[in-house]
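Below are the chains, spelled out letter by letter.
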Protein chains: 2
Amino acid sequence: MSNQDLVLLDQTDGTAGTSGTARASGSADCCPGLLTAPLDEVQAAELAKVFKALGDPVRLRLLSMIASRAGGEVCVCDLTPAFDLSQPTVSHHLKLLRQAGLIDCERRGTWVYYWLVPEMTDRLAAILTRPTGAPAPDGAAS
Amino acid sequence: MSNQDLVLLDQTDGTAGTSGTARASGSADCCPGLLTAPLDEVQAAELAKVFKALGDPVRLRLLSMIASRAGGEVCVCDLTPAFDLSQPTVSHHLKLLRQAGLIDCERRGTWVYYWLVPEMTDRLAAILTRPTGAPAPDGAAS
């Protein structure tokens, strides 16, 4: 395994070192493991950005509308009418979801189309899933 | 000092059920399904509180320290030294995690002991899990 495994949840980390433990990697079978070992500061900072993006009711509704759309993508013109908010405000929330890696988008003509990035929600689900087997692996000295 | 007015995901058992829409309720077999259907405003508001609690690096580290502790509970006296923060600040973060239903605690003599509420992380994991049968990203199996 190379240091290329250190694909971060976000790409804003400029101080990645080699001293950390296993990091949030881009591969779906690896995750920091919120419930299995203490997160280090870098892991926690990256993960917090994503959860912070989810910590708003409008953004959660937008994400659920995008994720549950049959066909996989939604025009922003179909999202805005669901909210009592201006289109710039809705677009701002969408931008925060996109910056967190939860959705992606593409402009086509007049409109922007959004879709879920399922790798990110998969990763969050894995991070929040208790390890199978023993309820509390007896790894830590207490 | 306590924000008992917060309606938490965990505490809606006694009051939910008046609307026809499935709520993020205390029943373990039900979840709003972030990825399967648009959330309504009530669901989104409740869920956002929990994700907001997770949207902070210190709180994520605290949660991971508590959740991964063999034996299942941690004295606050073992949490504080891991941070360059005052004990009141650490306690404030712990209070926010507790209000979100992610951890619970008990005072015993001088110290307060914390433990994970796995039902809440289970619920979040379920909410973020794609329904079976959904296409996997990149054609990745499982």
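Throughout this document, residue positions are counted from 1 along each chain, in the order its sequence is written. Written order decides the labels, with chains lettered from A and ligands numbered from 1. At least 70 in pLDDT is required for a residue's local features to be given in this predicted model, at least 80 for side-chain atom pairs to be given and counted, and no such filter applies to totals for whole chains, interfaces and linings, which use all residues. To get the side-chain values, take all heavy atoms of the structure and skip hydrogens and water.

- In the annotation of an unreviewed UniProt entry, the entry for chain A reads ArsR family transcriptional regulator, and the organism field reads Streptomyces murinus.

Regarding the state of the cysteines
Residue and element names in this part refer to chain A.
Right, so step 1: Note on terminology: pairs of cysteine sulfur atoms within 2.5 Å are recorded as disulfides. The tally for this structure, following the rule as stated, stands at two disulfides over all chains.
Right, so step 2: In this model Cys75 forms its disulfide with Cys77; the gap between the sulfur atoms is 2.2 Å. What sets the handedness of the Cys75 and Cys77 disulfide is the S-S torsion sign, and at about 130 degrees it is right-handed.
Right, so step 3: Classification of residues uses two cut-offs on accessible area relative to the type maximum, computed with a 1.4 Å probe and protein chains only: under 20% is buried, over 50% is exposed, and between them is partly exposed. A relative accessible area of 4% means that Cys75 is categorised as buried.
Right, so step 4: Of the residues examined, Cys77 reaches a relative accessible area of 25% and is grouped as partly exposed.
Right, so step 5: Here Cys105 stays unpaired: no disulfide links it, and the sulfur of Cys75, its closest cysteine neighbor, is 12 Å away.

Describing the sheet that holds strand S3 (residues 111-116) of chain A
All names here are of chain A.
Right, so step 1: Should DSSP find at least two bridges between two strands, the strands are regarded as paired. The secondary structure listing takes helices from DSSP runs of H or I that are at least 4 residues long and strands from runs of E that are at least 2 residues long, numbered from the N terminus. With respect to topology, three strands assemble into an open sheet ordered S1-S3-S2, the strand pairing being antiparallel. Where the open sheet ends on each side, the last strands, each with one partner, are strand S1 (74-75) and strand S2 (103-108).
Right, so step 2: Of the pairings in the sheet, the one linking S1 to S3 comprises two bridges and is antiparallel in character. Bridged to Val74 within S3 is Tyr114.
Right, so step 3: We call two residues contacting when some pair of their heavy atoms lies within 4.5 Å. Under this scheme, a helix contributes an axis fitted over its contacting stretch, all axes are lines through C-alpha atoms, and angles between N-to-C directions fall in the 0 to 180 degree range. Helix H4 (residues 87-99) contacts S2 and S3 of the sheet and is inclined by roughly 130 degrees relative to S2.

Section: helix H2 (residues 57-67) of chain B
Right, so step 1: Of all 11 residues making up H2(B), 10 are buried, and the element is well covered by its neighbours.
Right, so step 2: Where H2(B) begins, the capping side chain belongs to Asp56(B), and its oxygen is found 2.9 Å from the backbone nitrogen of Val58(B). Think of a polar contact as two N or O atoms within 3.5 Å of one another; within protein, one of them needs to be a possible hydrogen donor and the other a possible acceptor, and neighboring residues in sequence only count if both atoms come from side chains.

What to know about the sheet that holds strand S1 (residues 74-75) of chain B
In any sheet, the strands associate via hydrogen bonds between backbone groups, in a parallel or an antiparallel arrangement.
Residue and element names in this part refer to chain B.
Right, so step 1: Spatially, S1-S3-S2 is the arrangement adopted by the three strands of the open sheet, whose pairing is antiparallel. Either end of the sheet is taken by a strand with one partner, and the two such strands are S1 and strand S2 (103-108).
Right, so step 2: Pairing geometry for S2 and strand S3 (residues 111-116), over six bridges, is antiparallel. Looking at S3, one finds that Ile103 is bridged to Leu116.
Right, so step 3: Seen against the sheet, helix H4 (residues 87-99) touches S2 and S3 and runs at an angle of roughly 130 degrees to S2.

Re the nonpolar core
Right, so step 1: Counting residues in hydrophobic clusters, the biggest one holds 70 residues, and the most contacted among them are Leu102(A) and Leu102(B).
Right, so step 2: Ignoring sequence-local partners within four residues, the contact set of Leu102(B) consists of Val50(B), Ala53(B), Leu54(B), Leu63(B), Leu97(B), Trp115(B), Leu116(B), Val117(B), Met120(B), Thr121(B) and Leu124(B). Take the buried Ala, Val, Leu, Ile, Met, Phe, Trp, Tyr and Cys residues and link them wherever side-chain atoms come within 4.5 Å; each set so joined is a nonpolar core.

As for the packing of helix H1 (residues 41-54) of chain A against H2(B)
Right, so step 1: Where H1(A) contacts H2(B), the two axes come as close as 8 Å, and the packing angle between them is 115 degrees. Between H1(A) and H2(B), the angle is such that the two are roughly perpendicular. Where H1(A) crosses over H2(B), the two elements pack in a sense that is right-handed. Each of Glu41(A), Ala44(A), Ala45(A), Leu47(A), Ala48(A) and Phe51(A) in H1(A) lies in contact with H2(B), whose residues at this interface are Pro57(B), Leu60(B) and Arg61(B). Here the word oblique covers every angle except those under 35 degrees (roughly parallel), over 145 (roughly antiparallel) and from 65 to 115 (roughly perpendicular). Should the near helix be turned counterclockwise from the far one by less than a right angle, the crossing is left-handed, whereas a clockwise turn marks it as right-handed.

Topic: the pattern of salt bridges
Right, so step 1: Between Lys or Arg on one side and Asp or Glu on the other, a salt bridge is scored when a side-chain nitrogen of the former is within 4 Å of a carboxyl oxygen of the latter. Inspection of every chain in the model, using the stated rule, returns nine salt bridges over all chains.
Right, so step 2: Between Glu106(A) and Arg108(A) there is a salt bridge, and its shortest N-O distance comes to 2.7 Å.
Right, so step 3: Judged by its relative accessible area of 38%, Glu106(A) is partly exposed.
Right, so step 4: Assessed through its relative accessible area of 35%, Arg108(A) is described here as partly exposed.
Right, so step 5: Among the ionic pairs, Arg130(A) bridges to Asp122(B), the shortest N-O distance being 2.3 Å. Taken together, the residues Arg130(A) in the segment after helix H5 (118-127) and Asp122(B) in helix H5 (residues 118-127) connect one chain to another.

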